[in-house]
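Residues per chain, in single letters:
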Amino acid sequence: MDNIINKTNIVEVHFTAFDAFLISFDVISFIIYFMISIIFSIKLLKKSKARSEPSTFELHFIVNFIFDVIQTSIIIFYQKFLHWGLFTDFYMEHKWVEKWYAPMLYSSIASAILGNMVCVINRYVALCHCTFYMKKWTLNWSYLLIITQTILPFIMFSFNFWFKAEKVYAASLKVYIFMVTDPTVSMINNGLISFLSGVASIITISMNLIIISKYDKLMNNITKNEKSKRISMLFYAIFITLTLAALSIQQSVRLFFVFYKYQIGLYLVTYYLFIIVPLIGCVQPYILLILSKSVRKDFGRFYFGWIYKNEVCTNKTKGTTFISKKNKVTDCII
């Protein structure tokens, strides 16, 4: 039977070329993610010292980086290592990992969902309600959202501490998988994530439709550079919508498999969950670099300043850019 755990169970190493690609992609992506977060952190510090209001989008981006790293680390620890057949003895000997499995996993996923939704809403308000955004979306409001993003998911999934998670042996796959053994609790977890990601995708879809309906008006009387930024924000929001919708569907399918006790389907869909979720975080830096010319310039000048050492700041950009003949940080004000 699949759920028997004993020393006779055969555990195979499943580290394939695809796994090597995924882990390499994760590492490279989060290095770039970290590099962009460093740039944004410097911007925030400079604006703080100058006592000027920093960009709240940059603040939320940095916070999301932290949550995405935590989420991906938890997934690697609780799922990837077992899937690869690594450290099986460690997981067998240390029972504390079972207690923290569900609360940590699901709360980290929920925090990432909330963080991405906040970023989309932030950009929507900046595009469609500029005056409100400038006056109302302050640092204090962002701090409140970040606290909510941190505490609310943990409270939502804290009930898992009272229920058992176990290492279940999937004989058909010859690997161990962490599972919440109580079907009702498992379905509640899946339902909450599905509902949260579904609501988040509906919100972002609605905001995208509003932006598209006002597209011509939004794009009037702005510079080519600003138009590029706004188009970038639009595609950023669309991508987040699609990934959130995919996560919602995946969790709904998993709930269905738990209800009907379709074990092999449950094991497989669980594995795909741990591909979809890190992907949401991994693509963030690429989307920002591809779609935002100003971020690309900041990135290139900050990390490859020797290429730009003779370049003078001639273009007006929003925020801080890292350019000067002396290779120092210079503010280019609109």
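Residues numbered from 1 in each chain as written. Predicted model: local features only at pLDDT ≥ 70, side-chain atom pairs only at ≥ 80, totals over all residues. Heavy atoms only, no water.

An unreviewed UniProt entry annotates the chain as Serpentine receptor class gamma of Strongyloides stercoralis.

**Observations concerning the pattern of salt bridges**
This structure, assessed with the given rule, holds three salt bridges. The closest approach of N and O atoms between Lys43 and Glu58, which form a salt bridge, is 3.5 Å. With Lys43 in helix 1 (residues 17-49) and Glu58 in helix 2 (residues 56-83), the pair connects residues that are 15 residues apart, well separated along the chain. Three or more residues joined by partner-sharing salt bridges are found here, namely Lys43, Glu58 and Asp298. (Salt bridge = Lys/Arg side-chain N within 4 Å of Asp/Glu carboxyl O. Helix = DSSP H or I, 4+ residues; strand = E, 2+ residues; numbered from the N terminus.)

**Quick look at the confidence of the model for the chain**
Looking at the chain as a whole, its pLDDT mean stands at 77, while 77% of the residues score no less than 70. Looking at the elements of the chain, mean pLDDT is at its lowest for strand 4 (residues 330-331), recorded as 30, and at its highest for helix 6 (residues 139-156), recorded as 92. In the model, residues 1-5 has pLDDT below 50 throughout and makes 16 contacts with residues more than four positions away in sequence or in other chains. (pLDDT = per-residue confidence, 0-100. Contact = heavy atoms within 4.5 Å.)

**Quick look at the packing of aromatic side chains**
If you walk through the whole model with that rule in mind, you get 26 aromatic pairs. Between Tyr91 and Phe178 the ring centres are 5.8 Å apart and the planes differ by 75 degrees, which places this aromatic pair in the edge-to-face class. Of this pair, Tyr91 sits in helix 3 (residues 88-93) while Phe178 is found in strand 2 (residues 175-180), placing the two residues 87 residues apart along the sequence. With respect to class, Tyr91 is no different from Phe178; both count as buried. Between Tyr106 and Phe157, the aromatic rings sit 5.7 Å apart at their centres with planes inclined by 20 degrees, giving stacked as the arrangement. Residue Tyr106 is found in helix 4 (residues 96-128), and its partner Phe157 is found in the loop between helix 6 and strand 1 (165-170); the two are separated by 51 residues along the sequence. (Phe/Tyr/Trp six-rings, centres within 6.5 Å; stacked < 30°, edge-to-face > 60°. Buried < 20%, exposed > 50% of the residue type's maximum accessible area, 1.4 Å probe, protein only.)

**Thoughts on the packing of helix 2 against helix 4**
To describe two helices that pack against each other, one gives the angle between their axes and the distance between the axes. The interhelical angle for the contact between helix 2 and helix 4, taken along N-to-C directions, is 155 degrees, at an axis separation of 9 Å. Considering their axes alone, helix 2 and helix 4 lie roughly antiparallel with respect to each other. Crossing handedness for the pair helix 2 and helix 4: left-handed. The residue inventory of the contact of helix 2 with helix 4, partitioned by class, reads 17 nonpolar, nine polar and two charged. (Axes fitted to C-alpha atoms, helices over the stretch in contact; angles between N-to-C directions. Parallel < 35°, antiparallel > 145°, perpendicular 65-115°, else oblique. Left-handed = near helix turned anticlockwise from the far one by under 90°. Nonpolar A, V, L, I, M, F, W, Y, C, P; charged D, E, K, R; others polar.)

**Here's the deal with the packing of helix 4 against helix 6**
At their nearest, the axes of helix 4 and helix 6 sit 8 Å apart, and the two run at 150 degrees to each other. It follows that helix 4 is roughly antiparallel to helix 6 by the angle criterion. Of the two elements, helix 4 crosses helix 6, and the hand of that crossing is right-handed. Contacts between helix 4 and helix 6 involve Ser107, Ala110, Ser111, Leu114, Gly115 and Val118 from the former and Leu145, Gln149, Pro153 and Phe154 from the latter. Its residues assigned to classes, the contact of helix 4 with helix 6 comprises six nonpolar, four polar and no charged.

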